Amino acid sequence: MPTWNGDGHLKVGYGECSIENYVCYAVAQPRSATLTGLVVSLSGKPVEGATVEVYDYKSDTMLASDVTDSTGHYEISGLTAGKVVYQKVKAEGYYTYGSESFTLQASTNKDAILTPTNYLSGVDVLLVVDNDGKKCPTYDCVWPDEIESAIRLAGYFVKKWDEVIQGRPPLEALEDVRTVFWHIGTMYDGAISEVDSRTLIKYVSDGGRLVLEGEDLGRDHGNDTFMQKVAHANYHVDIASGKLSIVLPLDRITSGLPLNIRFEHNPQYPDGVSPIARAFEVLQHESGYSAVIGYDNATDGGSRTIYISFPVHYLSKTIRDILIANSINWVIKRPVYLVVRGMN
Ligand SMILES: [Ca+2]
Ligand SMILES: [Ca+2]
């Protein structure tokens, strides 16, 4: 128990500490905040009658809402400045728009672009371009066109979902397609945000099929619930250098790949990870850490996931195309033998 010395010093155990530098702050009256914005469709048309909801980011509870007018505008007043919130926008015929978190100022403007639900009609693979991390190295961060072309070459109908333009994809969008490829590349510091993380945890626990790619997921998430339940991996190091080798040579995920794979260009920060219980290693870095991890709960009606802890951009096109095709085929569980035609 600290006791006063009577000379401006506190006696704590055998030592003393000064309180001369302590300053008292008056508690400021919270300032009110107003949120305004415009809601348009992906084709740029204003959306009338959309419900705009503001949520407290931490507790995920709704604070206020408004409905857009005939020009697509909304205005929500009576909010508190300084509060960290995010926004959902709902309208008939569109996927729910989810914004990233932001701090309310006295006056904040937030527009939203809604993706129509027919955007994903007949789509096999949704390629989520997670380009909204806070940081990116000085070079490019995402290369969605390379991945899109590999998925198309594998015979699938693929559509991109650009997070910066379309917002965070809701669970319904992920569940409207056969599988999701979540591409982060070299983005870091919050690419898989709390909003994305909640969606993906639910998606995988609902039995979703997912390929996850990014060199700093582990660096950003450590060993949190997302890493355990979605990536199915433990994180060890930010930079796991060296070429790759195949751990499962006869597996469908590695079929057609050479036993040793050199990167065409060395990635700078490939995460070194290892599989958690029930997950398994597919490719390994020379340093001994896992580079690709698979997880299969499909026999119990659950999910299948592949986590690639480096940017596939750094592989040669040939290797990249094979790895992506194999990964999608495996998570979708496409039959090994195609239907033999002309047998009737
Ligand atoms: Ca994101
Ligand atoms: Ca890393």
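Residues numbered from 1 in each chain as written. Chains lettered and ligands numbered in written order. Predicted model: local features only at pLDDT ≥ 70, side-chain atom pairs only at ≥ 80, totals over all residues.

### Some details on the overall build of the chain
Regarding its fold elements, the chain presents 7 helices and 23 strands. By the burial criterion, 41% of the 344 residues in the chain qualify as buried. Considering only contacts within the chain whose residues lie at least 6 apart along the sequence, 69% involve residues at least 24 apart. (Helix = DSSP H or I, 4+ residues; strand = E, 2+ residues; numbered from the N terminus. Buried ≥ 20, exposed ≤ 12 C-beta atoms within 10 Å, placed from the backbone. Contact = placed C-beta atoms within 7 Å.)

### What to know about the nonpolar core
If you look at the biggest cluster of nonpolar residues, it comprises 87 residues, and the most contacted ones within it are Leu 114, Leu 126, Leu 127 and Ile 151. Take this core: its biggest share by element is 6 residues, from helix H7 (residues 317-332). Setting aside residues up to four positions removed in sequence, Ile 151 forms contacts with Val 125, Leu 127, Tyr 156, Val 158, Phe 181, Ile 324 and Ile 328. (Core = buried A, V, L, I, M, F, W, Y, C linked by C-beta atoms within 7 Å.)

### A few points about the packing of helix H1 (residues 144-153) against H7
Where H1 contacts H7, the axes come no closer than 9 Å and their chain directions differ by 60°. Relative to H7, the element H1 is oriented oblique. The two elements H1 and H7 cross, and the hand of that crossing is right-handed. Of the residues in H7, those touching H1 at Glu 146, Ile 147, Ala 150, Ile 151 and Leu 153 are Arg 320, Asp 321, Ile 324, Ala 325 and Ile 328. Residues that form the contact of H1 with H7 fall into these classes: 7 nonpolar, no polar and 3 charged. (Axes fitted to C-alpha atoms, helices over the stretch in contact; angles between N-to-C directions. Parallel < 35°, antiparallel > 145°, perpendicular 65-115°, else oblique. Left-handed = near helix turned anticlockwise from the far one by under 90°. Nonpolar A, V, L, I, M, F, W, Y, C, P; charged D, E, K, R; others polar.)

### Some details on unusual backbone geometry
A positive phi angle, near 65°, is found at Asp 189, a position not held by glycine. Relative to the assigned elements, Asp 189 resides in the loop between strand S15 (179-185) and helix H4 (194-205). In the Ramachandran plot, His 232 falls in the positive-phi region, its phi being about 55° despite a non-glycine side chain.

### Overview of the environment of Gly 302
Tracing the sequence through the fold places Gly 302 in the loop between strand S22 (290-296) and strand S23 (304-308). Spatially, the C-alpha atom of Gly 302 lies 7.1 Å from that of Ser 205, the residues being 97 residues apart in sequence. For Gly 302, the residues in contact, after removing those within four places along its chain, are Gly 207 and Asn 297.

### Comments concerning the confidence of the model for the chain
Taken over all residues, the pLDDT of the chain has a mean of 90, while the share at 70 or more is 88%. Low pLDDT, under 50, characterises residues 11-18; the stretch is placed with 13 contacts to residues that sit more than four places away or in other chains. Low confidence marks residues 336-344, where pLDDT is under 50. Its contacts with residues over four positions away, or in another chain, come to 1 contact. (pLDDT = per-residue confidence, 0-100.)

### Digging into the environment of Leu 244
With respect to the secondary-structure elements, Leu 244 resides in strand S18 (residues 244-246). Not counting residues within four places of it along the chain, the set of residues in contact with Leu 244 comprises Ile 261, Leu 283, Gln 284, His 285 and Ala 291.

### Some details on H4
Compared with the 16 Å implied by 1.5 Å per residue over 12 residues, the 16 Å span of H4 between its first and last C-alpha is a close match. Three or more residues of H4 are buried, namely Val 195, Asp 196, Thr 199, Leu 200, Tyr 203 and Val 204. The buried residues of H4 occupy an angular sector of 150° when the element is viewed end-on, so they sit on one face. In this fold, the buried residues of H4 make contact with strand S8 (84-90), strand S9 (97-98), helix H3 (171-175), strand S16 (209-214), helix H6 (225-231) and S23. Positive backbone phi, at 100°, marks Gly 207, one or two positions downstream of H4. (Expected span 1.5 Å × (residues − 1). Arc of directions from axis to C-beta.)

### What to know about the environment of Glu 264
If you trace the backbone, Glu 264 turns up in the loop between strand S19 (260-261) and strand S20 (272-275). With 13 C-beta atoms counted inside 10 Å, the residue Glu 264 sits in the partly exposed group. C-alpha separation for the pair Glu 264 and Tyr 314, spaced 50 residues apart in sequence, amounts to 5.7 Å. In contact with Glu 264, other than residues within four places in its own chain, are Tyr 314, Leu 315 and Ser 316.

### Re H1
Within H1, burial applies to Pro 144, Ile 147, Ala 150 and Ile 151. The buried residues of H1 occupy an angular sector of 130° when the element is viewed end-on, so they sit on one face. Residues of H1 that are exposed and point more than 90 degrees away from the buried face comprise Asp 145 and Leu 153. Against strand S13 (125-129), strand S14 (158-162), S15 and H7 lie the buried residues of H1. Where H1 ends, the next residue or the one after it, Gly 155, has phi of about 100°, a positive value.

### Some words on the pairing of S14
As paired elements, S13 and S14 share 5 bridges and run parallel to each other. Across the sheet, residue Leu 126 finds its bridge partner in S14, namely Lys 159. Crossover handedness for the path S13 to H1 to S14: right-handed. (Pairing = 2+ DSSP bridges. Right-handed = clockwise from strand over helix to strand, strands pointing away.)

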